[in-house]
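# Structural features, examined
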Amino acid sequence: MSFGSDLKEYALSVGYDRVGFTTADRFDLYREELLKRVDMYGWATGRDWGLITGADPHNILPEGRSVVVTVFDYFRHSYPREMVGKVGRAYQSLGGIPPIPLHRARFRLLKEFLEKQGCKLGKPVFDLPARMAAARAGVADYGKNTFAFAGGSGSFIVIGTIVIDRELEYDQPTLEVNCPDKCSVCIDACPTGALYEPLKMDPRLCIAYNSYNAPGSWFGGKQTVLPLSIRDHMGTWIYGCDICQQVCPRNQPRLKAKLPPNAYLEHLAADFQLEKLVNLSDEHFSRLSVLLNYVDNKRYLQRNAAVALGNEGNPEAVPALAEALQSPDEPLRGHAAWALGRIGGAGARSVLESHLARETSEYVRGEVTTALGK
Ligand code: SF4
Ligand code: SF4
């Protein structure tokens, strides 16, 4: 057997679902697209986030010859009812984003295998275009919703890439869009218009991006106050958004499959009640952060939970939002006020009016006043 076949066999044996190889050639198409859309992706092409740098694998490993691409199908179990529609399945996936111990261990095994074979490896980075690498390595193709799809797994996959200094036998690329010609279900379903044409998404409008584009996040955002134009489209999503994957006909077989529950997620599910999340304790956050580590501060989850409660519009959430109005965190108070305004009714109004008399922050006063319709 060749080194490439041994490598594939080993990767499959440690739990990856697909493995493919592509050259370390620059991802020119991706680079050109980023350069055309600096207004949308400027945040990701600077010093902290080097998407343009990552488009050339030689920036990751100067002597790089190949990119090893792994695909992990994360939709192996059903998701707890309390978490569906709130937390994107990828983050509940225990499959790699954020790095769950088991996934890290799988990756470490593959890395050790390559090193034992004398390969030099580039540092694992987030900046290499994983979806395009997967399509170039023949292990995924594209959907118009910009996701990579891998056969029966649909788009519920985590892609990993490792640049190595060894030449391999490369797989036949599958750089193609395998959607029915007339289908535009994902574009039509995107509530914010983030998905604005086939294969084009503006992250600034995306619910997922807005849910974790925060200081301290991997995304290095500056956002503490969610744009009004996004809030009411967020529904109950507090971390991620699966809408353009959920509606996709290519994902229906997996979404409709009868899968066993995941005991760990079932154990965490009770903690995902919005009323609890809006007034989250540090201890509670540290338990959940294993799934939510794109943000390093509970305040963003609390803020998003406040918006979700407002969108649910259930008057029973008024006491929890009234408690959030007492928080020292201004954005949380502001979003709690917005949510109370959405819920409306005498109870919410009375909380807002009595709060306005005490509120000292200009920003929060503005939110309260708007919520009261003054
Ligand atoms: S994740 Fe949600 S908001 Fe983002 S593009 Fe898809 S449907 Fe639109
Ligand atoms: S919803 Fe339709 S167009 Fe969008 S990714 Fe799925 S199959 Fe393609």
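Residues numbered from 1 in each chain as written. Chains lettered and ligands numbered in written order. Predicted model: local features only at pLDDT ≥ 70, side-chain atom pairs only at ≥ 80, totals over all residues. Heavy atoms only, no water.

### A few points about the overall build of the chain
Heads up, the condition is: Strands are runs of DSSP state E lasting at least 2 residues, helices are runs of H or I lasting at least 4, and numbering of each runs from the N terminus. When accessible area is computed with a 1.4 Å probe and restricted to protein chains, residues below 20% of their type maximum are described as buried, those above 50% as exposed, and intermediate ones as partly exposed. Two residues qualify as a contact provided that any one of their heavy atoms is within 4.5 Å of a heavy atom in the partner residue. All accessible areas in this document rest on Shrake-Rupley with a 1.4 Å probe, and a residue is counted as covered only by the protein chains that are shown.
Counting its secondary structure elements, the chain contains 19 helices and seven strands. The dimensions of the chain, computed from C-alpha atoms along their principal axes, are 75 × 45 × 40 Å. For the chain, with 374 residues in total, the buried portion stands at 52%. A sequence separation of at least 24 residues applies to 74% of the contacts in the chain between residues at least 6 apart. Split by element, the accessible area of the chain, about 16500 Å² in all, is 52% carbon and sulfur.

### Focus: the packing of aromatic side chains
So the rule is basically this: Ring pairs are drawn from Phe, Tyr and Trp, using the six-membered ring of Trp, whenever the two centres fall within 6.5 Å, and their geometry is named by plane angle: stacked under 30 degrees, edge-to-face over 60, tilted for the rest.
Taken as a whole and judged by the stated rule, the model has ten aromatic pairs. With 5.8 Å between their ring centres and 80° between their planes, tyrosine 91 and tyrosine 212 make a pair best called edge-to-face. Separated by 121 residues along the polypeptide, tyrosine 91 in the loop between strand S2 (66-73) and helix H5 (101-116) and tyrosine 212 in helix H8 (residues 207-212) bring together distant segments of the chain. When its relative accessible area of 6% is taken as the criterion, tyrosine 212 is described as buried. Plain terms: the ring middles of tyrosine 239 and tyrosine 294 are 6.3 Å apart, the flat faces sit at 50° to each other, and that makes the pair tilted.

### As for the packing of helix H15 (residues 298-312) against helix H17 (residues 330-343)
Definition in use: Orientation is described by axes fitted as lines to C-alpha atoms, over the contacting stretch for helices, and by angles from 0 to 180 degrees between their N-to-C directions. Orientation categories follow fixed angle ranges, with anything under 35 degrees roughly parallel, anything over 145 roughly antiparallel, 65 to 115 roughly perpendicular, and all other angles oblique. Here the nonpolar group is Ala, Val, Leu, Ile, Met, Phe, Trp, Tyr, Cys and Pro; Asp, Glu, Lys and Arg are the charged ones; every other residue, Gly included, is treated as polar.
Interaxial distance between H15 and H17 falls to 7 Å at its minimum, and their mutual angle equals 10°. The angle between H15 and H17 falls in the class roughly parallel. Along its contact with H15, which presents Arg299, Gln302, Arg303, Ala306, Val307, Leu309, Gly310 and Asn311, the element H17 presents Pro331, Leu332, His335, Ala336, Trp338, Ala339, Arg342 and Ile343. For the contact of H15 with H17, the residue count by class is nine nonpolar, four polar and three charged.

### Thoughts on helix H1 (residues 3-13)
For clarity, the cut-off: Summarising the geometry, the arc corresponds to the directions from the helix axis toward the C-beta atoms.
Residues of H1 that are buried: Phe3, Gly4, Leu7 and Ala11. Seen from one end, H1 has its buried residues packed into an arc of 100°, which puts them on one side. In this fold, the buried residues of H1 make contact with strand S1 (18-23), S2 and H5. Glycine 15 sits one or two positions beyond H1 and adopts a positive phi of about 115°.

### Here we look at the site of ligand 2
What counts is decided by this rule: Near residues are defined by distance, with any heavy atom within 4 Å of the molecule or strand qualifying the residue.
In the vicinity of ligand 2, the contacting residues are Gly143, Lys144, Asn145, Cys179, Pro180, Cys183, Val185, Cys186, Cys248, Pro249 and Arg250. Of the residues contributing to the shell around ligand 2, the split by class is seven nonpolar, two polar and two charged.

### Structural notes on the nonpolar core
Heads up, the condition is: Here the nonpolar core consists of buried residues drawn from Ala, Val, Leu, Ile, Met, Phe, Trp, Tyr and Cys, with membership extended through side-chain atoms lying within 4.5 Å. As used throughout, domain bounds are those supplied by an automatic or database domain assignment.
Counting 94 residues, the largest nonpolar core has Ile238, Tyr239, Phe272 and Leu321 as its most contacted members. Structurally, this core is a two-domain feature, drawing no fewer than three residues from each of domain 1 (3-74 + 92-164) and domain 2 (207-240 + 273-371). In this structure, isoleucine 238 is in contact with Lys86, Val87, Ser211, Phe272, Leu274, Leu277, Leu301, Asn304, Ala305 and Ala308, ignoring residues within four places of it in sequence. In terms of nonpolar packing, the next biggest core, distinct from the first, is built from 27 residues, Met40, Ala44, Tyr142 and Ile159 among them.

### Section: the packing of H17 against helix H18 (residues 345-358)
The condition that has to hold: What makes a crossing left-handed is the near helix being turned counterclockwise from the far one by less than a right angle; a clockwise turn instead makes it right-handed.
Relative to each other, H17 and H18 sit at 145°, their axes nearing to 8 Å. When the axes of H17 and H18 are compared, the crossing they make is left-handed. Here H17 contributes Arg333, Ala337, Leu340, Gly341 and Ile343 to the contact with H18, which in turn contributes Gly345, Ala348, Val351, Leu352 and His355. The residue inventory of the contact of H17 with H18, partitioned by class, reads six nonpolar, three polar and one charged.

### Considerations on the domain arrangement of the chain
The domain architecture assigned to the chain consists of domain 1 (3-74 + 92-164) and domain 2 (207-240 + 273-371). Distance from the C-alpha centre of domain 1 to the C-alpha centre of domain 2: 35 Å.

### Re the environment of methionine 132
Mapped onto the elements of the fold, methionine 132 is located in helix H6 (residues 130-136). Distance in space between the C-alpha atoms of methionine 132 and glycine 313 is 41 Å, their sequence separation being 181 residues. Setting aside its immediate chain neighbours within four residues, methionine 132 contacts Phe27, Leu29, Tyr30, Tyr142 and Leu175.

### Points about the pattern of salt bridges
Put simply, the rule reads: The rule for a salt bridge is simple: a side-chain nitrogen of Lys or Arg has to be within 4 Å of a carboxyl oxygen of Asp or Glu.
This structure, assessed with the given rule, holds 24 salt bridges. The residue glutamate 33 makes a salt bridge to lysine 200 at a minimum N-O spacing of 3.9 Å. Highlighted residues: glutamate 33 in helix H2 (residues 28-36) and lysine 200 in strand S7 (residues 200-201), separated in sequence by 167 residues. Residue glutamate 33 is classed as partly exposed on the basis of its relative accessible area, which comes to 22%. Overall, the relative accessible area of 22% leaves lysine 200 in the partly exposed class. Put simply, glutamate 167 and arginine 65 hold a salt bridge, and the shortest N to O gap is 2.4 Å. One end of the pair, glutamate 167, is in the loop between strand S5 (157-164) and helix H7 (185-189); the other, arginine 65, is in the loop between helix H4 (51-54) and S2, and 102 residues separate them in sequence. Salt bridges sharing common partners tie together Glu33, Lys36, Arg37, Glu197 and Lys200.

### Topic: the side chain of asparagine 213
Of note, asparagine 213 is situated in the loop between H8 and helix H9 (228-231). With relative accessibility at 9%, the residue asparagine 213 sits in the buried group. Discounting chain neighbours no more than four positions away, the residues touching asparagine 213 are Phe219, Gly221, Lys222 and Gln223.

### Topic: helix H19 (residues 362-371)
Put simply, the test is: Nitrogen and oxygen atoms within 3.5 Å of one another constitute a polar contact, given that in protein one can donate a hydrogen and the other can accept it, and given that sequence-neighbouring residues count only through two side-chain atoms.
Listed in full, the buried residues belonging to H19 are Val364, Glu367 and Val368. Buried residues of H19, seen end-on, are gathered within an arc of 95° and therefore sit on one face of the element. Those residues of H19 that are exposed and angled more than 90 degrees off the buried face are Glu362 and Thr370. Where H19 is buried, its residues contact H9, H17 and H18. Between the side-chain oxygen at the start of H19 and the backbone nitrogen of tyrosine 363 there is a gap of 3.3 Å, and the oxygen is on serine 361.

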